[in-house]
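Commentary on secondary and tertiary structure
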Amino acid sequence: MAQILTADEIRERFSQAMSAMYQQEVPQYGTLLELVADVNLAVLESNPILHQTLVNADELARLNVERHGAIRVGKAEELSMLRRIFAVMGMSPVSYYDLSEAGVPVHSTAFRPVDDAALSRNPFRIFTSLLRLELIEDTALRERAAAILAKRDIFTPGCRRLLAEYEAQGAFSPEQGQDFVREVLETFRWHRHATVDEATYQALHNEHRLIADVVCFPGCHINHLTPRTLDIDRVQALMPECGIAPKILIEGPPRREVPILLRQTSFKALEEPVLFNGEQQGTHTARFGEIEQRGVALTPKGRALYDTLLQQAGTGKENLAHQLHLQTVFKPFPDSEMLLRRQGLAYFRYRLTPSGEAHRQAIRPGDDPQPLIERGWVLAQPIIYEDFLPVSAAGIFQSNLGNETQARSRGNSSRDAFEAALGGPVLDEFRLYQEAEDRSKRRCGLL
Ligand code: OOG
Ligand code: NI
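Residues numbered from 1 in each chain as written. Chains lettered and ligands numbered in written order. Predicted model: local features only at pLDDT ≥ 70, side-chain atom pairs only at ≥ 80, totals over all residues. Heavy atoms only, no water.

1. Here's the deal with the coordination of the nickel ion (ligand 2)
Heads up, the rule is: We call an atom a donor if it is N, O or S and sits within 2.8 Å of the metal, or 3.2 Å for Na, K and Ca. Water is not counted, so some sites may look partial. The way it works is that DSSP assigns letters per residue, a run of H or I at least four long becomes a helix, a run of E at least two long becomes a strand, and they are numbered from the N terminus. A 1.4 Å probe rolled over the protein chains alone gives each residue an accessible area, and that area as a share of the maximum for its type sets the label: buried under 20%, exposed over 50%, partly exposed in between.
Coordination of the nickel ion (ligand 2) by the protein is provided by His68 (NE2), His224 (NE2) and Glu290 (OE), with metal-donor distances spanning 2.1 Å. Mapping the donors of the nickel ion (ligand 2) onto the primary sequence gives the spacing H-x155-H-x65-E. With His68 in strand E1 (residues 67–73) and His224 in strand E5 (residues 224–227), this pair connects stretches of sequence that are 156 residues apart. The two residues His68 and His224 agree in class, both being buried.

2. Quick look at the site of ligand 1
The cut-off we apply is this: Summary of the distance rule: residues count as near a molecule or strand when at least one heavy atom falls within 4 Å of that molecule or strand. Under this definition, polar contacts are N or O atom pairs within 3.5 Å; protein pairs additionally need one hydrogen-donor-capable and one acceptor-capable atom, and for neighbouring residues in sequence, both atoms have to be side-chain atoms. In these tables, accessible area is a Shrake-Rupley quantity obtained with a 1.4 Å probe, and a residue counts as shielded only by the protein chains included in the view. Computed over the protein atoms alone on a 1 Å grid, cavities are sets of points where a 1.4 Å probe fits but cannot get out and pockets are open sets with protein on both sides within 12 Å along at least five of seven lines; a residue lines them when it has an atom within 4 Å of a point. Any molecule with more than half of its atoms within 2 Å of a cavity's or pocket's grid points is counted as sitting in it. When residues are sorted by character, Ala, Val, Leu, Ile, Met, Phe, Trp, Tyr, Cys and Pro go into the nonpolar class, Asp, Glu, Lys and Arg into the charged class, and all the rest, Gly among them, into the polar class.
In the neighbourhood of ligand 1, the contacting residues comprise His68, Ala70, Arg72, Phe127, Asn223, His224, Gln264, Phe288, Glu290, Phe388, Ala393 and Phe397. Between an oxygen atom of ligand 1 and a side-chain N or O atom of Arg72, the distance comes to 2.7 Å. Contact with the protein chains hides 100% of the accessible area of ligand 1, taken as 320 Å² for the molecule alone. According to the grid-proximity analysis, the pocket containing ligand 1 is the largest cavity. At the level of elements, E1 and helix H18 (390–399) are the ones that each hand at least two residues to the shell around ligand 1. Here the residues of the shell around ligand 1 are counted per class, giving six nonpolar, four polar and two charged.

3. Concerning the sheet that holds E1
Stated formally: When DSSP finds at least two bridges between two strands, those strands are taken to pair. For helices, the axis comes from a line fit to the C-alpha atoms of the stretch in contact; other axes are also lines fit to C-alpha atoms, and the angle between any two N-to-C directions lies between 0 and 180 degrees.
Strands sit in the order E2-E3-E4-E1-E5 across an open sheet of five strands; the sheet is mixed. Strand pairing shows two members of the sheet lacking a second neighbour, strand E2 (92–98) and E5, which therefore form its edges. Strand-to-strand, the axes of this sheet are offset by a mean angle of 20 degrees, without reference to chain direction. Direction of pairing for E1 relative to strand E4 (residues 125–131): parallel, over a ladder of six bridges. Pairing of Gly69 across the sheet is with Ile126, part of E4.

4. Some words on helix H8 (residues 157–169)
The line we're drawing: Any helix carries an expected span of 1.5 Å times its number of residues minus one. It is the directions from the helix axis to the C-beta atoms that the arc portrays. Every residue pair with non-hydrogen atoms within 4.5 Å of one another is taken to be in contact.
Between its first and last C-alpha, H8 extends 18 Å over 13 residues, near the 18 Å set by a 1.5 Å rise per residue. Within H8, the full set of buried residues consists of Gly158, Cys159, Leu162, Leu163 and Tyr166. The arc that holds every buried residue of H8, seen down its axis, measures 130 degrees, which confines them to one face. Turned more than 90 degrees away from the buried face of H8, the exposed residues are Pro157 and Ala168. Looking at the buried residues of H8, the elements they touch are helix H5 (76–88) and helix H9 (174–187). Positive phi appears at Gly170, one or two residues downstream of H8, with a value of about 80 degrees.

5. Looking at the packing of aromatic side chains
Given two aromatic rings, one states the distance between the centres and the angle between the planes to describe the pair. Counted only if it meets this: Here a pair means two rings of Phe, Tyr or Trp (six-membered ring of Trp) with centres within 6.5 Å. Their orientation is stacked below 30 degrees between planes, edge-to-face above 60, and tilted elsewhere. Placement of a charge over a ring requires the Lys NZ or Arg CZ to be within 6 Å of the ring centre, with the centre-to-atom vector within 35 degrees of the ring normal.
Evaluation of the coordinates by the stated rule reveals 17 aromatic pairs. Aromatic side chains Tyr97 and Phe127 sit 5.3 Å apart centroid to centroid with 45 degrees between the ring planes, which places their arrangement in the tilted category. Of this pair, Tyr97 sits in strand E2 while Phe127 sits in strand E4, and the two are 30 residues apart along the sequence. The pair formed by Tyr97 and Phe127 is uniform in burial state, with each residue classed as buried. Members of the aromatic cluster, each reached through a chain of ring pairs, are Phe14, Phe86, Phe111, Phe124 and Phe188. The ring of Trp377 has Arg375 sitting right over it, with the charged end atom 4.8 Å from the ring centre.

6. Some points on the side chain of Glu272
Looking at the element boundaries, Glu272 is found in strand E7 (residues 271–276). Relative accessible area serves as the criterion here: at 9%, Glu272 is assigned to the buried category.

7. Describing the pairing of strand E10 (residues 348–352)
With four of five residues buried, E10 is to be regarded as a mostly interior element. Strand direction decides the pairing type here: E10 and strand E11 (residues 378–382), joined by five bridges, are antiparallel. Bridge pairing links Arg349 to Gln381 in E11.

8. Comments concerning the packing of H8 against H9
Worth spelling out the cut-off: An angle below 35 degrees is read as roughly parallel, one above 145 as roughly antiparallel, one from 65 to 115 as roughly perpendicular, and any other as oblique. Crossing handedness is read from the near helix: turned anticlockwise from the far helix by less than a right angle, it gives a left-handed crossing, and turned clockwise, a right-handed one.
Remark: H8 packs on H9, axes separated minimally by 9 Å, with the N-to-C direction vectors making an angle of 140 degrees. On the basis of their axis angle, the class for H8 and H9 is oblique. Between H8 and H9 the crossing geometry is left-handed. Of H9, the residues touching H8 (which contributes Gly158, Cys159, Leu162, Leu163, Glu165 and Gln169) are Gln176, Asp179, Phe180, Glu183 and Val184. Residues that form the contact of H8 with H9 fall into these classes: five nonpolar, three polar and three charged.

9. Quick notes on the confidence of the model for the protein chain
Test applied: Per residue, pLDDT measures the predictor's confidence, with a range of 0 to 100.
Here the protein chain averages 94 in pLDDT, and 97% of its residues register 70 or above. Low pLDDT, under 50, characterises residues 405–410; the stretch is placed with 18 contacts to residues that sit more than four places away or in other chains.

10. Considering H9
The terminal C-alpha atoms of H9, which comprises 14 residues, lie 21 Å apart, in line with the 20 Å expected from a rise of 1.5 Å per residue. Taken together, the buried positions of H9 are Gln176, Gly177, Phe180, Val181, Glu183, Val184, Leu185 and Thr187. The secondary structure elements touched by the buried residues of H9 are helix H1 (7–25), H5 and H8.

11. Comments concerning the nonpolar core
Here is the rule we go by: In these notes, a set of buried Ala, Val, Leu, Ile, Met, Phe, Trp, Tyr and Cys residues joined through side-chain atoms within 4.5 Å is what counts as a nonpolar core.
Residues Leu99, Leu204, Tyr306 and Phe333 are the most contacted members of the largest nonpolar core, which totals 66 residues. Ignoring sequence-local partners within four residues, the contact set of Tyr306 consists of Gly252, Pro253, Ile260, Leu261, Leu298, Phe330, Phe333 and Leu389. Formed by 43 residues, the second largest nonpolar core is a distinct cluster that contains Met21, Val26, Met91 and Phe418.

What follows is the structure in C-alpha cells.
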C-alpha cells in the first residue's frame, strides 16, 4: 500500500464527523460548544500562567478538539465489534465500570487512546455501556428483548467488509479510511423509526427507560458529546442565558487550585418524536448534553482519599450550597502540586528544562526529583485524568432517567462476563498513568 491513513488520522476524522453529525442532530450541542469555547478563551486571556502551562504540557492544541461521547449496546457481538472498530482508531478499552451498583442495569468501559502522542493529538473517548439483560426479572420480557436484539445488525455491510479488509491488511489506504469513517458513523446516527410497536416499547420502558433506549432502535445512537472546559462553574452559570437548562449539581470534586480528576454537568435529555411500528407516533428521551473539566489523575492512594471524602460529603439539593459543602469536606485533600507529588496522591510527567539538559550527567536514576525541581532543572506537570468516575456517571445517567433509582436492577459486579462479551480484557487505568510517569522519569534519567 503506497499510502496509509494512521490510527490517529482515522480517529481525528471520525471525531470530527461525529461532532458535525451531532451538531445537526442536536442544535443545543452547537450552542454548548460555542459557550465552552468562549469561556475557555476568557479563562486563558485572564490567566497567562495557565495558558503557558498548557502550552508547555502540549495541552492547548488538544483542548479545542477534545470530546467524549457515550453509547449503549445490547449484545456481546455489538460490544466486540466496537472493540475491533475502535482499535482501528487507536482506541483501547480502559477500566470496568459497574453501574448496576447505582441501579442502572449496565456495565461499561471507555475506549480511548493510551499513548502520550495519541492523547496529546486527540484524546477522543467513547464511554460504552452494555445492557445487562439478565437483570430483567420478568422472564417473558427478558426473552422478548433478547429476541429483538438478536434480529438487528447495528453495523452496515460496508463497515463489516472494511473492518475485515483492515484486519487482513493491517492498514487502510486513505480512501478505505475515508469510507470506513463514513460507514462507522451510520451506527451512531439517530433513528426516528423504532424497530418495535408502541406496546413493546412501553413494556420495556416500564422495566427501565434505559432498556427501551437500547433495545428499540436500529442503531446505538450517540447520546451525548462532551467538550472540555477550563471553568465548569462559569459554564454552568451561563448555560441558562443560552437557553440551556443544566442538571442541578456539578458532579465530582469541588473547585480547587489544582483541579483533580473530573467535574461534570449535563443538560436534560430532549423529548424527541419517534415513530413506532404501525406508524404510531410517540416520544423518546435519550439524548442530552454534557460538559466537563479535567484535572490531574490520582494514584490509588489519592483515589482512595477522593472516594472517602466524596462519600462523606453525600449529595445535595442545590449546587452552590453543595459546592461549598464539598470544599469544606475536601479540606484534608492537599491543594498544591508539590504536596500532591510529595504525598504520592497524583501522577506527574517529568521534563528536563534547558539547564537540566545541560546537567544531565549529574542526574542519577532514583534521585529525588524535588531538589532538581527547586533548582530549575526539572519540571513536573500534572498528568491529565483521561477516564471516568462511576459515581459521577451514575449521577449523569440518573439525571437523564428522571432521577428514578430502580433497586430491582441492582446486580453483582460481573467484570468477567463483560470482558468475555468484549472479547478481551480492559486495561488498568492506574497502570497506564504509572507507566506514563515512569516513561517521563526515564527520559529525564530519573529512573
Ligand atoms: C453514559 C453516562 C456516563 C460520563 O461522562 O460519565 C457518562 C450514558 O448515559 O450512556 O457519559
Ligand atoms: Ni459523559
